[in-house]
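Each chain, letter by letter, is given below.
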Amino acid sequence: MTGTSEKLGLQAAADGAARILDEVGRAVVGKRPALELALCALLADGHVLIEDYPGLAKTLIARSFATTTGTRFSRVQFTPDLMPSDVTGGSIFNQRTTEFEFRPGPVFTNVLLADEINRAPPKTQAALLEAMQERQVTTDDRTRALERPFLVLATQNPIEYEGTYPLPEAQLDRFLIRMRVGYPSAEDEWSILQQRLERREDELHPVIDRDELIAMQRAAEDVHVSESIGRYIVSVVAATRESPSVQVGASPRGTLALMKLGRVKALLDGRDFVVPDDIKAVAVPALAHRLALRPELWVQRVQAEDVVRDCLNSVPVPTTTLSS
């Protein structure tokens, strides 16, 4: 383990990422691609929205990443009666000192699980906006910085919308990726049963510490992005704005998201430069939730993920990747 003052090499960062994935994979069986995608977002210093059915290890994924990276973990169950102060904290009168004291809320952590985030009203959802974007919380006319890293893993159920408040576009755009876990294969589900039958629960342990996680995030910044790859990223995002199926395309924040995720994907693959396949691998989870499709396409069951894939197919892939 290392301190933040020590620069971490790309190979050391890649080795650390592999150790994290191996450790988390002991608890979350058979979901290596989903875990790798979530780790890409965490190493890119971005927030994750997990949209999937109940019982598919969404909470376990968040807790496992917090454990293996040696970071502090908090969980908030979002409900219709949840107040903003329940997330950010607030001032309480101390009778001994006759002064108000600030009691920090669960947002003052490193990894925050916002469970069923769309069940809280917009006022409470908005309490997370400043924390997610600015890494700070303003209460009682005072701004308090959040300790880095600060990463939000939010969940929502894609089928049960009664009593929910859909996330506004401004908050959806704050998430670096939206991902799904999916059902396990029959073999993986049998492995889960075997663990339960043997009454065996794998206790996870930290494989890095908080300082090393920050160093890994910084190491990803050293991955080279050539001009041809940069222009390819811009073209893919521009294609989402020009698509006839789209009412509002991805913003420049989506362009930056593609670049950051592409860098981390290259790092995980042991490369110090980004190739087109890195961009293709992360484009759908990075861009789909940023698109607003035309209302009439709802009847045709057109999904934003399909639009992003069409854009990837329509944009020419650069042949040179190392030219500046």
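Criteria and cut-off values
- Residues numbered from 1 in each chain as written.
- Predicted model: local features only at pLDDT ≥ 70, side-chain atom pairs only at ≥ 80, totals over all residues.
- Heavy atoms only, no water.
- pLDDT = per-residue confidence, 0-100.
- Contact = heavy atoms within 4.5 Å.
- Buried < 20%, exposed > 50% of the residue type's maximum accessible area, 1.4 Å probe, protein only.
- Helix = DSSP H or I, 4+ residues; strand = E, 2+ residues; numbered from the N terminus.
- Pairing = 2+ DSSP bridges.
- Phe/Tyr/Trp six-rings, centres within 6.5 Å; stacked < 30°, edge-to-face > 60°.

Now for the confidence of the model for the protein chain. Confidence in the prediction of the protein chain, expressed as mean pLDDT, is 87, and 94% of residues score 70 or more. In this model residues 1–5 is a low-confidence stretch, pLDDT under 50, and it forms 14 contacts with partners more than four residues away in sequence or in other chains.

A separate point is the pairing of strand β2 (residues 73–77). Burial along β2 is one-sided: the residues Ser 74 and Val 76 are buried and none of Phe 73, Arg 75 and Gln 77 is. The pairing of β2 with strand β5 (residues 111–115) spans five bridges and is classified as parallel. Looking at β5, one finds that Phe 73 is bridged to Val 111.

Moving on, we come to the environment of Val 264. Relative to the assigned elements, Val 264 resides in helix α10 (residues 252–268). Linking Val 264 and Gln 156, residues 108 residues apart in sequence, is a C-alpha distance of 25 Å. Val 264 has contacts with Cys 40, Leu 43, Ala 44 and Ala 220, leaving out every residue within four places of it along the chain.

Let us now look at the packing of aromatic side chains. As enumerated under the stated definition, the model contains two aromatic pairs in all. Centre to centre, the rings of Tyr 53 and Tyr 183 are 5.9 Å apart; their planes meet at 20°, and the pair counts as stacked. One end of the pair, Tyr 53, is in the loop between β1 (47–51) and α3 (58–68); the other, Tyr 183, is in the loop between β9 (175–179) and α7 (186–197), and 130 residues separate them in sequence. The exposure class assigned to Tyr 183 is exposed, which follows from its relative accessible area of 58%. Taking the centre distance of 5.8 Å and the plane angle of 75° together, the rings of Phe 102 and Phe 108 count as edge-to-face.

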